[in-house]
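Chain and residue survey
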Amino acid sequence: MAGLNFFHAVAQALEAGKLFHIDLNDQKPGRFDQDLRFGSESIKPLFYLVKLLEEGGYDGPRHFDAHAYRTEDPHGVWDFARGCMRTYLIRKSKARQFAEDREIQGLLAELRTNAAGLGSYSREDATSLKSEAIDRHALATRRLPYEQLDQLVVELLLGVR
């Protein structure tokens, strides 16, 4: 559906063990049901989606629910199909590079420091988090290098890392 965060919906279904099938395509922001070639518009979000599927244990089918431009001939339709799969495999390779990049992993480790109770959801973690004394002033002064991390991801996706 337009405007909803597809990545979070997929993560929730995956974590609940209820992701049995996924349709992959691309959309222009603010529109819906365009079914564009996978990876043709949403470069970063689809990287994170592939990363989630590959690292999150999803072993179901990857179905490209998309269509070539209406102006394509039969040869162009096959180009389209190859493009969907090639883009998925490129994103899969980039996800592996992300996991192996020391600088990216260092920033992620820094961000995860003192993040008790903020991993996967469980009732026990929620109860534990509610009982913790949280110093909001200390949290507010903590460095959160999201801009640096985002720049490294952009460089990775553009092939300069």
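Quick caveat, the model's predicted, so the values are computed rather than measured.

How two aromatic rings sit relative to each other is given by the distance of their centres and the angle of their planes. Evaluation of the coordinates by the stated rule reveals six aromatic pairs. Taking 6.0 Å as the distance between ring centres and 35 degrees as the angle between the ring planes, the aromatic pair formed by Phe 38 and Tyr 88 counts as tilted. Here Phe 38 is found in the loop between strand 1 (22-24) and helix 2 (43-55), whereas its partner Tyr 88 is found in helix 3 (residues 74-100), with 50 residues between them in sequence. Note on accessibility: Phe 38 and Tyr 88 belong to one class, buried. Three or more aromatic residues joined by ring pairs make a cluster, and in this case those are Phe 7, Phe 47, Tyr 48 and Phe 98.

The next thing to look at is the pattern of salt bridges. This structure, assessed with the given rule, holds ten salt bridges. Among the salt bridges present, the one from Lys 44 reaches Asp 150, with a minimum N-O distance of 2.5 Å. Placement of the pair is Lys 44 in helix 2 and Asp 150 in helix 7 (residues 146-158), with a sequence separation of 106 residues. Between Glu 54 and Lys 92 there is a salt bridge, and its shortest N-O distance comes to 3.8 Å.

Turning our attention to the layout of surface pockets. Volume-wise, the largest pocket comes out at about 1,400 Å³. Forming the walls of the largest pocket are 40 residues, and the residues nearest its centre are Asn 5, Phe 6, Phe 7, His 8 and Pro 45. Secondary-structure elements contributing two or more residues to the lining of the largest pocket are helix 1 (6-15), strand 1, helix 2, helix 4 (102-112) and helix 7. A class-by-class count of the residues in the lining of the largest pocket yields 21 nonpolar, eight polar and eleven charged.

Attention now moves to the confidence of the model for the chain. Averaged over every residue, the pLDDT of the chain is 89; the share at 70 or more is 93%. Within the chain, helix 5 (residues 123-131) has the poorest average pLDDT of any element, 81, and helix 7 the best, 97.

Checked against the element boundaries, Leu 52 lands in helix 2. It is 27 Å that separates the C-alpha atoms of Leu 52 and Thr 127, two residues lying 75 residues apart in sequence. Other than its neighbours up to four places away in sequence, Leu 52 contacts Phe 7, Val 10, Ala 11 and Leu 14.

Conventions we followed
Residues numbered from 1 in each chain as written. Predicted model: local features only at pLDDT ≥ 70, side-chain atom pairs only at ≥ 80, totals over all residues. Heavy atoms only, no water. Phe/Tyr/Trp six-rings, centres within 6.5 Å; stacked < 30°, edge-to-face > 60°. Helix = DSSP H or I, 4+ residues; strand = E, 2+ residues; numbered from the N terminus. Buried < 20%, exposed > 50% of the residue type's maximum accessible area, 1.4 Å probe, protein only. Salt bridge = Lys/Arg side-chain N within 4 Å of Asp/Glu carboxyl O. 1 Å grid on protein atoms, 1.4 Å probe; cavity = no way out; pocket = protein on both sides within 12 Å on 5 of 7 lines; lining within 4 Å. Points joined across faces, edges and corners; volume = space filled by probe spheres on them. Nonpolar A, V, L, I, M, F, W, Y, C, P; charged D, E, K, R; others polar. pLDDT = per-residue confidence, 0-100. Contact = heavy atoms within 4.5 Å.

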